[in-house]
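These are the residues of each chain, in order.
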Amino acid sequence: MTRSRALLATAGLSLSALLLTACGGLSDEDRERAEEAALAAVGDGRVTEVDEGDDDETAAFNVEVALDSGQDVDVELDEDFEVLNQGEIDTFLAGQSGSGGADDGGATESPAPDDGVDDGTQGDVDDDTPLEGRIKQQAERAALDEVGEGRVTESTYADRDEDHVYAVEVETGSRDDDDVTVELDRDFGVVRVDR
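Just so you know, the residues in each chain are numbered from 1, in the order the chain's sequence is written. Local features in a predicted model are, by the rule used here, given only for residues with pLDDT of at least 70; side-chain atom pairs are given and counted only at 80 or more, and totals for whole chains, interfaces and linings are based on all residues. Side-chain calculation: all heavy atoms of the structure are included, whereas hydrogens and water are not.

Colleague: What is the right way to read helix α4 (residues 133–147) from this model?
Modeller: An α-helical segment advances 3.6 residues per turn. Residues three or four places apart therefore align on the same side. Strands here mean DSSP runs of E at least two residues long; helices mean DSSP runs of H or I at least four residues long; both are numbered from the N terminus. Expected span, for any helix, means 1.5 Å times one less than how many residues it has. For α4, with 15 residues, the first-to-last C-alpha span of 21 Å sits near the 21 Å given by 1.5 Å per residue. The rule is simple: take the accessible area with a 1.4 Å probe, protein chains only, and divide by the maximum for that residue type; under 20% is buried, over 50% is exposed, in between is partly exposed. Within α4, 11 of the 15 residues are buried, which leaves the element mostly enclosed by the surrounding structure. Taken together, the buried positions of α4 are Gly-133, Arg-134, Ile-135, Lys-136, Gln-137, Ala-139, Glu-140, Ala-142, Ala-143, Leu-144 and Val-147. Looking one or two residues past α4, Gly-148 carries a phi angle of roughly 100°, positive in sign.

Structure representation (structure tokens):
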């Protein structure tokens with residue numbers, strides 16, 4: 001009798017899985033692509049859940065990631081696996097206390113002076129807000145790689161209406177005119193270098 005119940009339970013589970021797939025359940029390929037996109041957006045951690053968005057949501061996929069810091073972040077993706085809430089993710093990650101001892105390439109931290117003018121925001125982060133944590137480390141490393149040498153004196157979010165997301169100032173010599181500003185996009189690619 002127990003064997004019959006076990007077979008019925010197994011058949012029932014298999015049938016449920018088939019019905020979910022037939023009714024538009026998440027395919028293995030979509031799940032994998034969603035996981036990859038979410039991890040690329042947050043940089044570290046492990047995916048704990050992947051769901052399809054409801055018809056009344058703008059997101060096609062919702063991915064929950066447990067960060068290495070122990071906190072969770074939700075990543076919303078569109079049907080092309082593009083991140084919809086990158087500004088909120090950047091804000092969340094910027095508020096983290098760093099990623100635990102990664103080498104910052106010799107960069108030193110200087111708080112960004114607030115010019116008293118709010119030129120816009122990146123998500124909910126004021127554009128005069130200094131970068132912190134993993135974002136700060138990656139932005140400063142990218143700027144120093146571009147310039148070749150120097151010391152970071154400031155790294156902040158850029159104005160919302162600019163063509164870049166991060167701005168890193170690097171002092172390359174002893175004279176005041178040796179300062180360089182490296183402007184970076186969301187993926188830490190160099191947009192422009194102002195010398």
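Colleague: How should I be thinking about a negative patch on the surface in this particular structure?
Modeller: Patch membership requires over 30% relative accessible area and the absence of a salt bridge. Like charges are linked within 9 Å, and nonpolar side chains (Val, Leu, Ile, Met, Phe, Trp, Tyr) within 5 Å. Computed by Shrake-Rupley with a 1.4 Å probe, the accessible areas treat only the displayed protein chains as cover when residues are assessed. The term salt bridge refers to a pairing of a side-chain nitrogen on Lys or Arg with a carboxyl oxygen on Asp or Glu at a separation within 4 Å. Lys and Arg are tallied as positive, Asp and Glu as negative. Neither His nor the chain termini are counted. Charge placement uses NZ in Lys and CZ in Arg. For Asp and Glu, CG and CD serve respectively. On the surface, Glu-49, Asp-51, Glu-52, Asp-54, Asp-55, Glu-57, Asp-72, Asp-74, Glu-76 and Glu-88 cluster together into a negatively charged patch. If you list the elements that add at least two residues to the negative patch, you get β1 (46–52) and β3 (72–77). Inspection of the secondary structure puts Asp-72 in strand β3. Since its relative accessible area comes to 45%, Asp-72 is described here as partly exposed.

Colleague: Where do I start with the layout of surface pockets in this structure?
Modeller: Rolled over the atoms, a probe with the dimensions of a water molecule shows which regions are left empty. Approximately 280 Å³ is the volume found for the largest pocket. The distinction between a cavity and a pocket rests on a 1 Å grid over the protein atoms alone: a 1.4 Å probe fits inside a cavity but cannot get out, while a pocket stays open yet meets protein on both sides within 12 Å along at least five of seven lines, and a residue with an atom within 4 Å of a point counts as lining. Lining the largest pocket we find 16 residues, and of these Ala-40, Ala-41, Gln-86, Arg-186 and Asp-187 sit closest to its centre. Within the residue set of the lining of the largest pocket, elements represented by two or more residues are α2 (28–42), α3 (86–94) and α4. Here the lining of the largest pocket is composed, by residue class, of 8 nonpolar, 3 polar and 5 charged. Grid points are joined across faces, edges and corners, and a volume is the space filled by probe spheres set on the points. Residue classes follow a fixed rule: Ala, Val, Leu, Ile, Met, Phe, Trp, Tyr, Cys and Pro count as nonpolar, while Asp, Glu, Lys and Arg count as charged, and any other residue, Gly among them, counts as polar.

Nothing here speaks to function; it is all geometry.
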